[in-house]
Amino acid sequence: MEQLYTRWGRELNREMPLSEYPRPQMVRDSYVCLNGIWEYAIYPTGRTFQGYEGDIVVPFSPESLLSGVGRNVTPEDTLYYRKKFSFTKTGDRVLLHFGAVDYKCEVSVNGTCFGTHTGGYFPFEIDITKALLDGENEITLKVTDPSEMGSQASGKQTSKRGNIWYTPQSGIWQTVWLEEVPENYIKALKITPDIDSDTLKVEIEAVGNLGEVTVTALDGERALCSAATTAGSAVLKLTDYEKWTPENPMLYDLVVKSSADEVKSYFGMRKFGIGKDKDGFTRLMLNNEPYFQNGLLDQGYWSDGMYTAPSDEALIYDIQTMKDMGFNMLRKHIKIEPLRWYYHCDRLGMLVWQDMINGGDVYYQAATTILPAFSLATGLKKTLGVKDTKENYKLFSRLDEKGRDEYYVDAERMIKGLYNVVSICLWVPFNEGWGQFDSVKAAEFFREKDPTRVIDHASGWHDQGAGDVNSFHIYFTPFMFPKYGKKDERAICLTEFGGYSMSIDGHRFNTEKTFGYRIYNSKDALEKALHTLYIKRLKPLIAKKGLSALVYTEVSDVEDETNGLLTYDREIQKIDPDTMQSISNAIYEKFNRQFK
């Protein structure tokens, strides 16, 4: 396998990488970044710890190039970390934050164990005030990760990587940081805009008694409105504001202040949903108007950092480059990003479809490949009658009750953690039968936790009739949409397609194998194929089928996959941005001309 560095990875500051404030919608003045050089060791679980083996650059996983380690942590291993740092307390409490650690970790500070955390995709914090010393301190972690051998959420990681499955990673993969807070402090915010009533509801989760809290919305230096509350929530009435759209990503500042604490945040006024257009088609709606969503599958992998982007600029590059190509949406596929990625989507104007991370035991090809492929090839009803309820838990690799319970714990953590993101317009509870179970119940769960967004309950196939989207994955042409019920009132969306492959020597991860759905050997050939695909194959379906959204596979190459519009190292754009933008504009013009 080739070692492919990105331009940002080659310039990495190993002493303090990714030092930007990691939580843009919950900002305090207090911030100490602990990224950089830590010590590490990897030993078989059960073997006596024999000392640290070397340095690792946090927050990059040991499997990645940028970590400086380049070793796999197997399900039989324990990964150890140590960080020594100096600190002098000035506040009442000190919180230690981890953006994400995959999968189970035990955290100690100065020899005091603070327990364990499970879940490889979610932030967590520990109040370490009592253990912290003025002067030198020490953080240690013990991490284990069953990868695909467990039933927990593991995404596309597998120890037998290849094709659409990728090298597993373990350990710390998002920023580690400290902040000081008062004894009674603001723990979290829940921000809900409502353009129909011109209001913004702000719910405040607190530790201790905050007393009176003032919530103020601002446009730059100008205060739009303010409200005071002692009840834990406030409703602000807005009279002069602009709605957020990808074309006009207007954000407003928000300040929440108590007598002892203050946090800064932001919000956008927008509304997502489905509704009928003038011709009777169900459409995805933005701000109560039909809006065509033209996007890409975004795996969020990097050739040198794997799950972790090499820099904040790298995150911006992917989003801005796809926007320059005319796309207005990214489907974040089987991964939850650091909060800064969502912040950049908010401010740059990029809609986001957010996938839940798949879990379950080793998958049966009958459920994930064979039955769906037969269904799509023959144009039959796309589920072939396969239900994802109790009688088929085995088929969908969901026999483990603990794993099923953990799915809902993780889903709630994801929804709560990303609820305030302005750009997220749609949740995807399951994808292609990967660990799918009780998806009607799951759709209801998502709806209960977040009634403000659209739901694609089973992306691709094994549709159970729930949610808001009739979701198809079709990687062949012509597009033979399987039959669906005449009473189906959901929006029709092509949620994966394309996957056209062009590998480029010197920018390939795997020099021996490549994966894609159609192979092209030149930029001209690829551009012509994409023009034909969008303009001749897909554009007519906007009127004929009521097609409401497109998700092309994909933003960048990932390991064996060479079907990205960018190479894995982001060095080459395989299609000219102006050419792709003209194709995208033709899609928008067709939609706007006929259905608005």
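Above this text you will find the structure in question.
Parameters and conventions
Position labels on residues start from 1 in each chain and follow its written sequence. Restriction of local features to residues with pLDDT of at least 70 applies here, the model being predicted, together with a cutoff of 80 or more for giving and counting side-chain atom pairs; totals for whole chains, interfaces and linings are based on all residues. Excluding hydrogens and water, the side-chain figures rest on all heavy atoms present in the structure. Buried residues of nine kinds, namely Ala, Val, Leu, Ile, Met, Phe, Trp, Tyr and Cys, make up a nonpolar core once their side-chain atoms join them within 4.5 Å. For every residue, the accessible area (1.4 Å probe, protein chains only) is compared with the maximum for its type, and the residue is labelled buried under 20%, exposed over 50%, or partly exposed between those bounds. Counting from the N terminus, the helices are DSSP H or I runs at least four residues long and the strands are E runs at least two residues long. Should any heavy atoms of two residues lie within 4.5 Å, those residues are counted as being in contact. Under the convention used here, Asp and Glu are negative, Lys and Arg are positive, and both His and the chain ends fall outside the count. The term salt bridge refers to a pairing of a side-chain nitrogen on Lys or Arg with a carboxyl oxygen on Asp or Glu at a separation within 4 Å. For this analysis, a polar contact is any N or O atom pair within 3.5 Å, provided that within protein one partner can donate a hydrogen and the other can accept it, and provided that sequence-adjacent residues contribute only side-chain to side-chain pairs. A pair of strands counts as paired when DSSP detects no fewer than two bridges linking them. Handedness of a crossover: with both strands directed away from the viewer, a clockwise path from the first strand across the helix to the second marks it as right-handed.

## Remarks on the nonpolar core
Step number 1: Counting residues in hydrophobic clusters, the biggest one holds 87 residues, and the most contacted among them are F446, L494 and Y534.
Step number 2: In terms of residue count, helix α7 (residues 523-538) provides more of this core than any other element does, seven residues in total.
Step number 3: Leaving out residues up to four positions away in the same chain, L494 has contacts with F472, I474, F479, F481, L538, L547, A549, L550 and V551.

## What to know about the side chain of R398
Step number 1: Its place among the elements puts R398 in the loop between α4 (365-378) and α5 (401-418).
Step number 2: Among buried Asp, Glu, Lys and Arg side chains, R398 stands out as unpaired, with D400 the closest opposite charge at 6.8 Å.
Step number 3: A polar contact of 3.3 Å, which involves the side chain of R398, links it to the backbone oxygen of G403.
Step number 4: Setting aside anything within four residues of it in sequence, one finds R398 in contact with S151, G359, G360, Y393, G403, R404, Y407, G435, Q436 and F437.

## Observations concerning the environment of P22
Step number 1: Positionally, P22 belongs in the loop between α1 (7-10) and β1 (32-33).
Step number 2: Linking P22 and P168, residues 146 residues apart in sequence, is a C-alpha distance of 24 Å.
Step number 3: When residues no more than four places from it in sequence are discounted, the contact partners of P22 are Y31, T175, W177, L339 and R340.

## What to know about the environment of M322
Step number 1: Locating M322 in the fold gives a position in helix α2 (residues 312-324).
Step number 2: Between the C-alpha atom of M322 and that of I274, which follows or precedes it by 48 residues, the distance is 25 Å.
Step number 3: Aside from chain neighbours lying at most four places away, what touches M322 is L296, F327, L330, M350, V555 and L566.

## Thoughts on the sheet that holds strand β9 (residues 124-127)
Step number 1: Here we have four strands laid out as an open sheet, ordered β1-β12-β5-β9, and antiparallel in their pairing. Sheet topology places β1 and β9 at the edges, where each strand pairs with a single neighbour.

## Focus on the pairing of strand β25 (residues 351-355)
Step number 1: Most of β25 is tucked away: five of the five residues are buried.
Step number 2: Residue alternation in β25 divides its side chains into two sets, L351, W353 and D355 and V352 and Q354, and both sets are buried.
Step number 3: Bridge count for strand β24 (residues 329-332) against β25 is four bridges, and the pairing is parallel. Its bridge partner lying in β25, K332 is registered against Q354.
Step number 4: Taken together, β24, helix α3 (residues 339-348) and β25 form a β-α-β motif whose crossover is right-handed.
Step number 5: Two elements, β25 and strand β26 (residues 424-428), share four bridges in a ladder whose sense is parallel. The residue of β26 that forms the bridge with Q354 is W427.

## What to know about the pattern of salt bridges
Step number 1: Evaluated as defined, the whole model comprises 37 salt bridges.
Step number 2: Across the pair D468 and R447 runs a salt bridge whose closest N-O atoms are separated by 2.9 Å. Here D468, found in the loop between β27 (454-455) and β28 (469-474), pairs with R447, found in helix α6 (residues 439-449); they are 21 residues apart in sequence, far enough to count as distant.
Step number 3: Classification of R447 as partly exposed rests on a relative accessible area of 32%.
Step number 4: Residues participating in the shared-partner salt-bridge network are R23, R28, E179 and D261.

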